[in-house]
Amino acid sequence: MLKISLANVNKLYDAISAEYPLYLPVEKAGEVNYSYYEEGAKVRLDVLKTVKSPKDCFFPQSENLMKFKVEGQKIELIDVREEAKPFVIMGVRACDFKAFDVLDRVFLVDPLDTYYQTKREAGIIITHACGKVEESCFCKSFGIDPVNPLGDVTVWTDSESLYWRANSEKGEALTKKLSSLFTSDNGERVAEQQAKVNEIYAKLPLAGLTTESFSNGDMMELFNSDKWQKLSEACLGCGTCTFVCPTCQCFDIREFVTNSGVTRFRCWDSCMCSDFTKTAGGQPRTTQMQRYRQRFMHKLVYFPKNNEGVYSCVGCGRCVKKCPQGLNIVKVIKEFGGKQDA
């Protein structure tokens, strides 16, 4: 394991950005999100939850797919993609890193999404182990270790230093380029922090949350439960939960006309909205209860049944913090008997 003093951490950012485009949690206008690093940026590695997850680096909120040029009966198809070059995203928490596995199971299977694929192959991911936790955290309910995430490189931070461990060939190659900045470390401070965080996590209000009622439950019994009506009554259908979620992958494809032709793009969409998947035959889910049920049945039942038991939730707690009505996946799990004594 290696380390660098936090007093010199900007030198680390500068050294990485000299080699690759670097994305970090950056504070702008009072909000912290992943942003391109530039000199003078207000980096906030201490923030546990960015507003949006880092999936934006691989599956952007809005992304141009192609352009068309129409001249009479002739249609020219223009590929707008640029060559994918390596980049680094640093500060990814364990829950958000696990979310990439969920997205991979959607976009890296047949039919392969090459827009997502090229970014995933180009990305070098530096995860950041949690040195603290919040009451809204419940990642361990999904088998995630917040103090020892994977990634190409894992870092830990305390009040004095940033500790660095390479985990992959990409990580080793990056470490070699930065070797002059580091000194060696025996990892004792990291082990102490890990033990302390685990002790605190065990005392969190959601530490005993379990998904057994969904993994062992009957799908149709869960689907037909009268509990969904009560759970969804206060839902506004605003879609906030889906836009802050690191695993949601729904999108819409649209086109707009410009002077130079037609541009086709895709943008995030939300299953909680009334016009989601609207077709010529009409919206298949006509009530908010049906849309609410679909969201959580997908995350807790449909997705794991088709993906070797992997849930489409990573317990990051963003929806717990951001829903204006206080509705979230935790309430659903609890309502169906998913709370054990901590």
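The residue count restarts for each chain, going from 1 along the sequence in the order it is written. With pLDDT at 70 or above as the cut-off, local features in this predicted model cover only qualifying residues; side-chain atom pairs require 80 or more to be listed or tallied, and sums for whole chains, interfaces and linings still use all residues. Only heavy atoms go into the side-chain values, all of them from the structure, while hydrogens and water stay out.

K.L.:
I keep staring at the pattern of salt bridges and nothing clicks. Help me out?
P.N.:
Any two side chains of opposite charge can pair, on the condition that their charged atoms come close. The term salt bridge refers to a side-chain nitrogen of Lys or Arg lying within 4 Å of a carboxyl oxygen of Asp or Glu. In the structure shown here, the tally under the stated rule is 21 salt bridges. Between Glu19 and Lys177 there is a salt bridge, with the nearest N and O atoms lying 3.7 Å from each other. Taken together, the residues span a long stretch of sequence, with Glu19 in helix H1 (residues 9-19) and Lys177 in helix H4 (residues 169-178) at a distance of 158 residues. The residue Lys98 makes a salt bridge to Asp101 at a minimum N-O spacing of 3.1 Å. One end of the pair, Lys98, and the other, Asp101, are both in helix H2 (residues 94-107), three residues apart, so they sit about a helical turn from each other. Several salt bridges converge on common partners, so that one network encompasses Glu27, Lys42, Arg44 and Asp46. Numbering of helices and strands runs from the N terminus, with a helix taken as a DSSP run of H or I at least four residues long and a strand as a DSSP run of E at least two residues long.

K.L.:
Just to check I follow, could you spell out the environment of Phe296 for this structure?
P.N.:
If you trace the backbone, Phe296 turns up in helix H10 (residues 288-306). Summary of the burial criterion: residues with accessible area below 20% of their type's maximum are buried, those above 50% are exposed, and those between are partly exposed, where the area comes from a 1.4 Å probe applied to protein chains only. Relative accessible area serves as the criterion here: at 3%, Phe296 is assigned to the buried category. Along the primary structure Phe296 and Asn328 are separated by 32 residues, whereas in three dimensions their C-alpha atoms are 9.3 Å apart. Working rule for contacts: check all heavy atoms of both residues, and any pair within 4.5 Å makes them a contact. Apart from the residues within four sequence positions on either side, Phe296 is in contact with Trp228, Val301, Asn328, Ile329 and Val332.

K.L.:
Please explain the sheet that holds strand E7 (residues 123-128) as it appears in this structure.
P.N.:
By way of backbone hydrogen bonds, the strands of a sheet pair with one another, either parallel or antiparallel. Only when DSSP finds a minimum of two bridges between them are two strands counted as paired. Spatially, E3-E2-E6-E7-E8-E9-E1-E10 is the arrangement adopted by the eight strands of the open sheet, whose pairing is mixed. The open sheet has two edge strands with one neighbour each: strand E3 (31-36) and strand E10 (183-184). As paired elements, strand E6 (residues 87-92) and E7 share five bridges and run parallel to each other. Pairing of Val92 across the sheet is with Thr127, part of E7. As a rule, the C-alpha atoms of each element are fitted with a line to give its axis, helices using only the stretch in contact, and angles between N-to-C directions run from 0 to 180 degrees. Helix H3 (residues 114-122) rests against E6 and E7 of the sheet, and its axis sits at about 65 degrees to E7.

K.L.:
Please clarify how the sheet that holds strand E12 (residues 261-268) should be interpreted in this entry.
P.N.:
Reading across the sheet, the four strands line up as E5-E4-E12-E11 and stay open at both edges, with antiparallel pairing between neighbours. Looking at the sheet topology across the chains shown, the edges are occupied by strand E5 (74-78) and strand E11 (251-258). Looking at each pair of strands side by side, their axes are set apart by 25 degrees on average, direction ignored.

K.L.:
I'm lost on the side chain of Glu63 in this one. Help?
P.N.:
Tracing the backbone shows Glu63 in strand E4 (residues 62-71). Engagement of the side chain of Glu63 in a polar contact is seen with the side chain of Lys119, the distance being 2.5 Å. The residues contacting Glu63, other than those within four sequence positions of it, are Tyr115, Lys119, Phe265 and Arg266. By the criterion applied in these results, polar contacts are pairs of N or O atoms within 3.5 Å in which, for protein atoms, one can donate a hydrogen and the other can accept it, and in which residues neighboring in sequence qualify only through two side-chain atoms.

K.L.:
I tried to follow H3 on my own but got confused; where do I start?
P.N.:
Along an α-helix, a turn takes 3.6 residues, which lines up residues three or four apart on a common side. Listed in full, the buried residues belonging to H3 are Tyr115, Tyr116, Lys119, Arg120 and Ala122. Along the axis of H3, the buried positions cluster into a sector of 165 degrees, meaning they face one direction only. Each element contacted by the buried residues of H3 is listed here: E4, E6, H2, E7, H4 and E12. The arc in question is traced by the directions running from the helix axis to the C-beta atoms.

K.L.:
When you look at unusual backbone geometry in this model, what are you seeing that I'm missing?
P.N.:
Note on backbone geometry: most residues besides glycine have negative phi, and most peptide bonds are trans. Omega for the peptide link from Asp110 to Pro111 comes to 0 degrees, which places this bond in the cis form. Take Pro111: it is sitting in the loop between H2 and H3. Positioned with a positive phi, Ala29 is a non-glycine residue whose angle comes to about 55 degrees. Topologically, Ala29 is positioned in the loop between strand E2 (22-28) and E3.

K.L.:
Just to check I follow, could you spell out H1 for this structure?
P.N.:
Of all the residues in H1, the buried ones are Val9, Leu12, Tyr13 and Ile16. Buried positions in H1, seen along its axis, are confined to an arc of 100 degrees and lie on one side of it. Exposed side chains of H1 directed beyond 90 degrees from the buried face belong to Lys11 and Ala18. Turning to H1, the residues buried within the fold contact strand E1 (2-5), E2, E6, E7, strand E9 (161-166) and H4.

Coordinates in, geometry out; function isn't part of it.
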